[in-house]
Each structure stands twice: as C-alpha cells, then as structure tokens.
Amino acid sequence: MSSGAASRSGMVPWRHAWQEALYGDQGLFLRDRPADHFSTSVNANPLFAEAVLTLIRREDLSGVVDMGAGGGELLTALHRLDPTLLLHGVDVADRPPPLDPSIVWNSTLPHRFAGLLVAPEWLDNVPCDVVELDADGSVRLVLVNPTTGEQALGDPIESPWLEAWWPLAEPGHRAEIGEPRDQAWADAVRRVDGIALAIDYAHTREG
C-alpha cells in the first residue's frame, strides 16, 4: 500500500512517534544503552577517545561535556587516558553504575561551561517532521501509525528551512525538516566557552 493510500486512523506526525519511541516512558534511550543496539565511533575504536584528547590538549582545555553520553563510554575512556580532566556526561538515561565517581552526570546541559562540548551522533536523535513531495508538487507531512508502521500523507506544509536546506525535486522524495536540530545545536553552542564539536551524519544541499 502506498503511503498516500493508507488509512489515517491512529496516525501521528513522524516527529511525535519518534519522540515517544526514543524518549517516552518506555523509550529506547531510557530503557537501554545505545551500545546495546548500535556500534558507533565512540565504542567501536579506542582511537576516537585518543583523537578527542588530542584536540583537548591542542586547544589547552581542561573540561569535557559529552552530550548524549549513553553508557559513558567516551568519558570512561577519557578518564582512563587523563584522570585530571573535568568530565561531564549529559543524557536522558540514568547514570551508568560503573562510571567513575569523579565524572558528573546530568539529564540537561549546564547553563554555562568552559571546555569542549562533544556531541557524537546526538543531533540525528533529535526528532523532526518527515515530509514527502506528492504527485501534484505539494510538500506533505508524513503520518505514521506507531503501532503498525502504516504511513499516509497528511496536510500540505510550508517550511522555509526545507526550501533552504533540503529542497525536494521528484514526487515520492522525502526529507526531514531539521529545524529542531538547528535549534538544539544553537542552544548547546551558546552555553560553551571553548569549542563545540558535533559528529554526525549529513548531506550537502546539492545532494
């Protein structure tokens, strides 16, 4: 069944389903650690932590805030490499039991901090609306039934962000309206006296 032909019964925008699936009462990131499901640069290779430490030393920084710290793997590796670092993990999940007591853990970013903010694969976990270009050339919000996975096209939507950063050219093409990610990153960066480093998937506008 095509997305446009599906029934709208029980459907919500992808952003809502995404938020609930990751951060709701039974959400993935509250229930499990990311490393239980994904292999990322943080836990796949010890060279990642060494590269972060090289940046910290080159820029003469002493503190690190890890945004979306998961199981604290990066912070644990950095502490092992340099126990003098001031380390701070931010994640919606509870503090990992084996984390060194010297490492601070919170569910929200500090209001201000000095040092390095590092966000490995955090922004792709900020939910956003999914849209599709229909046969008539209208950009439509994509709806999903969180229980069945059935999808349908919702109302037309206008987005200056989409026009600037992810223009759709062919019917059936989809995009994610990344404005919530821009806002989340801008909020994080304004808190930093030092360097903010996001490591994530991306595409060029031309692509």
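Before reading on, note that the structure itself is shown above.
Residues numbered from 1 in each chain as written. Predicted model: local features only at pLDDT ≥ 70, side-chain atom pairs only at ≥ 80, totals over all residues. Heavy atoms only, no water.

Chemist: Just to check I follow, could you spell out the overall build of the protein chain for this structure?
Modeler: Each helix and strand counted, the protein chain has 7 helices and 10 strands in total. When the 207 residues of the protein chain are sorted by exposure, 43% land in the buried category. When contacts within the protein chain are restricted to residue pairs at least 6 apart in sequence, long-range pairs at least 24 apart make up 64% of them. For the protein chain, the exposed surface amounts to about 11600 Å²; the carbon and sulfur share of it is 52%. (Helix = DSSP H or I, 4+ residues; strand = E, 2+ residues; numbered from the N terminus. Buried < 20%, exposed > 50% of the residue type's maximum accessible area, 1.4 Å probe, protein only. Contact = heavy atoms within 4.5 Å. Areas by Shrake-Rupley, 256 points an atom, 1.4 Å probe, with all protein chains shown as cover.)

Chemist: Which parts of the structure should I look at to understand the sheet that holds strand β4 (residues 104-106)?
Modeler: Within a sheet, adjacent strands bond to each other through the backbone by hydrogen bonds, running parallel or antiparallel. What the 5 strands build is an open sheet, ordered β4-β3-β2-β5-β10; its pairing is parallel. The open sheet has two edge strands, β4 and β10 (192-199), and neither has a second partner. This sheet shows a mean twist of 20° between the axes of neighbouring strands, independent of strand direction. Across the face of the sheet, helix α4 (residues 47-58) comes into contact with β2 (63-67), β5 (113-120) and β10 while running at roughly 150° to β5. In this fold helix α7 (residues 179-189) packs onto β5 and β10, with an angle of close to 150° to the strand it touches most, β10. (Pairing = 2+ DSSP bridges. Axes fitted to C-alpha atoms, helices over the stretch in contact; angles between N-to-C directions.)

Chemist: Just checking my understanding: could you explain the pattern of salt bridges for this structure?
Modeler: When charged atoms on two side chains of opposite charge get close, those side chains can pair. Summed over the entire model, instances satisfying the criterion amount to 7 salt bridges. Here Arg-174 ties to Glu-132 by a salt bridge, and the two come within 2.8 Å at their closest N and O atoms. One end of the pair, Arg-174, is in strand β9 (residues 174-176); the other, Glu-132, is in strand β6 (residues 130-133), with 42 residues separating them in the sequence. Judged by relative accessible area, Arg-174 falls into the partly exposed class, the value being 31%. Here Arg-181 ties to Glu-176 by a salt bridge, and the two come within 2.9 Å at their closest N and O atoms. (Salt bridge = Lys/Arg side-chain N within 4 Å of Asp/Glu carboxyl O.)

Chemist: How do you make sense of the nonpolar core when you look at a structure like this?
Modeler: Side chains of nonpolar character tend, in soluble globular proteins, to be buried together. Ranked by size, the top nonpolar core spans 20 residues in total, and within it Val-52, Ile-56, Leu-74, Leu-78, Leu-87 and Leu-116 carry the most contacts. Other than its neighbours up to four places away in sequence, Ile-56 contacts Leu-61, Val-64, Leu-85 and Leu-116. (Core = buried A, V, L, I, M, F, W, Y, C linked by side-chain atoms within 4.5 Å.)

Chemist: Looking at this structure, I do not really get the environment of Glu-163. What am I missing?
Modeler: Looking at the element boundaries, Glu-163 is found in helix α6 (residues 160-165). Here Glu-163 falls in the exposed class, since its relative accessible area comes to 58%. The spatial distance from the C-alpha of Glu-163 to the C-alpha of Ile-177 is 9.7 Å, given a sequence separation of 14 residues.

Chemist: Would you take a moment to explain α7 for this structure?
Modeler: Three- or four-residue spacings in an α-helix give side chains the same orientation, since the helix completes a turn every 3.6 residues. When we look at burial in α7, the residues that qualify are Pro-180, Arg-181, Ala-184, Trp-185 and Ala-188. Down the axis of α7, the buried side of the element spans an arc of 130°, and every buried residue falls inside it. In this structure, the buried side of α7 is in contact with α1 (14-23), β5, β9 and β10. (Arc of directions from axis to C-beta.)

Chemist: Could you clarify how one ought to interpret the environment of Trp-18 in this entry?
Modeler: Positionally, Trp-18 belongs in helix α1. The class for Trp-18 is buried, based on a relative accessible area of 17%. Taking the C-alpha atoms as reference, Trp-18 lies 8.7 Å from Val-126; in sequence the two are 108 residues apart. Beyond its immediate sequence surroundings of up to four residues, Trp-18 is in contact with Asp-124, Val-126, Pro-127, Cys-128, Glu-176 and Arg-181.

Chemist: How should the side chain of Asp-91 be read in this particular structure?
Modeler: Its place among the elements puts Asp-91 in the loop between β3 (86-90) and β4. Here Ala-69 takes part through its backbone nitrogen, which lies 3.1 Å from a polar atom of the side chain of Asp-91. Separated by 2.7 Å, the side chain of Asp-91 and the backbone nitrogen of Gly-70 make a polar contact. (Polar contact = N/O pair within 3.5 Å; in protein donor to acceptor, adjacent residues only side chain to side chain.)

Chemist: Explain α4 here, please?
Modeler: Between the first and last C-alpha of α4 there are 16 Å, a value that for 12 residues agrees with the 16 Å anticipated at 1.5 Å per step. Looking only at α4, the buried set comprises Phe-48, Ala-49, Val-52, Leu-53, Leu-55 and Ile-56. Mapping the buried residues of α4 onto a view down its axis gives an arc of 155°, with all of them on the same face. Opposite the buried face of α4, by more than 90 degrees, sit the exposed residues Leu-47, Thr-54, Arg-57 and Arg-58. Just beyond α4, the residue with positive phi is Asp-60, at close to 60°. (Expected span 1.5 Å × (residues − 1).)

Note that all results are geometric; they support no functional claim without further evidence.
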